[in-house]
Amino acid sequence: MNARAALFDLYGDHLRSRGGRASVAALVRLLAPLEIAAPAVRTAVSRMVRQGWLAPARLPQGPGYEATPKCVRRLDETALRIYRAEAVTWSGRWHLVSVEPVRERTRRERLRAGLSFLGYAPLTEGTWIGPRPSPELDGLLAGEEVRADRFEAALDGDPRALVARIWDLDAIAAAYEEWLARAVELVGSLPDGADDDRVFAVRSRLLHGWRNFLFRDPCLPAELLPAGWPGEKARTYFEQEAARLLPAASAFVERHLTEP
């Protein structure tokens, strides 16, 4: 886990509900159980400030950083997907996004990564498809200053065949199986009565591994997935263990947030 990813997880999972701010000293202390050194934390914070995710803030405990409105929106949208409150439904129609050509390679790759993160897959170089419109799409297109036409359409054919063609479900299923095996081993490494810093570290690594599926799994509705989809078993385990470990992890965060 690198420092930037760990900071996003920390702000999203703990600091967002506590005002979205923390002193520099607290950030260093909070990431120490993840074996992230102070210089790496400060470098990652500086990078996130330049990218508009964090802003300097004066706190009673000393200089710190708070999540910007842009960051808060992303954290809230991500939380809804990590801790899915409702079952995914499907209207039977597809959302198509036809994106204008982007010549600059960096912007093009960033746009592709963003569309994949939102659950879309490419039909052609400039046309992307997803099972539903993403509420985050407007923000992505505006941020990249890209124009796109959007359509809703019904497929004349077998939707499962389409899904199997444009998403690598075998690879995603294998990734879920691998994550679950490692997650069980990770959580099982915690002894009874473990200190809250160890619980925080294990829960953070559990969350980080699960969060990576936001970039891989389009969250397709059950009717488009193979029988016995391993993603559901993995989700059940994640939600169960994340909730069980939360009190001790939260105690660790609270203690270090209030220290000078």
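Cut-off values and rules
- Residues numbered from 1 in each chain as written.
- Predicted model: local features only at pLDDT ≥ 70, side-chain atom pairs only at ≥ 80, totals over all residues.
- Heavy atoms only, no water.
- Core = buried A, V, L, I, M, F, W, Y, C linked by side-chain atoms within 4.5 Å.
- Buried < 20%, exposed > 50% of the residue type's maximum accessible area, 1.4 Å probe, protein only.
- Helix = DSSP H or I, 4+ residues; strand = E, 2+ residues; numbered from the N terminus.
- Contact = heavy atoms within 4.5 Å.
- Salt bridge = Lys/Arg side-chain N within 4 Å of Asp/Glu carboxyl O.
- 1 Å grid on protein atoms, 1.4 Å probe; cavity = no way out; pocket = protein on both sides within 12 Å on 5 of 7 lines; lining within 4 Å.
- Points joined across faces, edges and corners; volume = space filled by probe spheres on them.
- Nonpolar A, V, L, I, M, F, W, Y, C, P; charged D, E, K, R; others polar.
- UniProt positions renumbered as here; feature names shortened; annotations may be inferred.
- Pairing = 2+ DSSP bridges.
- Axes fitted to C-alpha atoms, helices over the stretch in contact; angles between N-to-C directions.
- Parallel < 35°, antiparallel > 145°, perpendicular 65-115°, else oblique.

## Details of the nonpolar core
Soluble globular proteins tend to bury their nonpolar side chains together. Counting 50 residues, the largest nonpolar core has Trp 94 and Trp 179 as its most contacted members. For this core, the secondary structure elements donating two or more residues are strand S4 (94-99), helix H5 (105-117), strand S6 (127-130), helix H6 (137-144), helix H7 (159-166), helix H8 (169-188), helix H9 (196-211) and helix H10 (230-258). When residues in this core are grouped by element, the largest group, 9 residues, is from H8. The residues contacting Trp 94, other than those within four sequence positions of it, are Ile 129, Gly 130, Pro 131, Phe 151, Glu 152, Ala 153, Leu 155, Pro 159, Leu 162, Val 163, Trp 167 and Leu 224. Counting 30 residues, the second-largest nonpolar core is a separate cluster that includes Ala 3, Leu 10, Leu 30 and Ala 67.

## Here we look at helix H2 (residues 24-31)
Counting buried positions along H2 gives 6 out of 8 residues, so the element sits mostly inside the fold. Buried residues of H2: Ala 26, Leu 27, Val 28, Arg 29, Leu 30 and Leu 31, and no others. Those residues of H2 that are buried lie in contact with helix H1 (3-15), strand S1 (21-23), helix H3 (38-50), H9 and H10.

## Things to note about the pattern of salt bridges
Opposite charge on two side chains permits pairing when their charged atoms draw close. Scanning all chains against the criterion turns up 15 salt bridges. Of the charged contacts, one joins Arg 211 and Asp 9 as a salt bridge, the two residues approaching to 3.3 Å between their closest N and O atoms. Taken together, the positions of Arg 211 in helix H9 and Asp 9 in helix H1 put the pair 202 residues apart, joining distant regions of the chain. With respect to class, Arg 211 is no different from Asp 9; both count as buried. The salt bridge partner of Glu 66 is Arg 21, with a shortest N-O separation of 2.4 Å.

## Observations concerning the layout of surface pockets
Taken as a whole, the largest pocket holds about 1,100 Å³ of empty space. If you go around the largest pocket, you meet 35 residues; those closest to its centre are Phe 8, Trp 53, Lys 70, Arg 74 and Phe 117. Elements that contribute at least two residues to the lining of the largest pocket include exactly H1, helix H4 (69-82), H5, H6 and H9. When residues in the lining of the largest pocket are grouped by element, the largest group, 8 residues, is from H4. Of the residues assigned to the lining of the largest pocket, the class counts are 15 nonpolar, 9 polar and 11 charged.

## Here's the deal with the UniProt feature "domain: Transcriptional repressor PaaX-like central Cas2-like" (unreviewed entry) in the protein
Within this numbering scheme, the UniProt entry marks residues 89-145 as carrying the feature "domain: Transcriptional repressor PaaX-like central Cas2-like" (unreviewed entry). From the first C-alpha to the last, residues 89-145 spans 30 Å; its make-up is 37% helix and 21% strand.

## Section: the sheet that holds S1
Within the open sheet, the 3 strands sit side by side as S1-S3-S2. Their pairing is antiparallel. Each edge of the sheet is formed by a strand with only one pairing partner; in this case those strands are S1 and strand S2 (54-59). Neighbouring strand axes in the sheet, compared pairwise and without regard to direction, differ in orientation by 30 degrees on average. Bridge analysis of S1 against strand S3 (residues 62-67) gives 3 bridges, and the strand direction is antiparallel. Looking at the pairing, Ala 22 lines up with Tyr 65 of S3.

## With respect to the packing of H8 against H9
Packing of H8 against H9 leaves a shortest axis separation of 10 Å and a crossing angle of 175 degrees. With respect to H9, the element H8 is oriented roughly antiparallel. Facing Tyr 176, Trp 179, Ala 183, Leu 186 and Val 187 of H8, the residues of H9 in contact are Val 202, Arg 205, Leu 206, Gly 209 and Trp 210. Of the residues belonging to the contact of H8 with H9, the class tally is 8 nonpolar, 1 polar and 1 charged.

## Describing the sheet that holds S4
The strand order across the open sheet built from 4 strands is S5-S6-S4-S7, with neighbouring strands paired in antiparallel fashion. The two strands at the open ends of the sheet, each matched to only one other strand, are strand S5 (121-122) and strand S7 (148-153). Here 2 bridges tie S5 to S6, and the two strands are oriented antiparallel to one another. When the sheet's bridge partners are listed, Pro 122 is paired in S6 with Trp 128. Against the sheet, H6 engages S4 and S7, with an angle of about 160 degrees to S7. Of the strands in this sheet, S4, S5 and S6 touch H7, which is tilted by about 40 degrees from S4.

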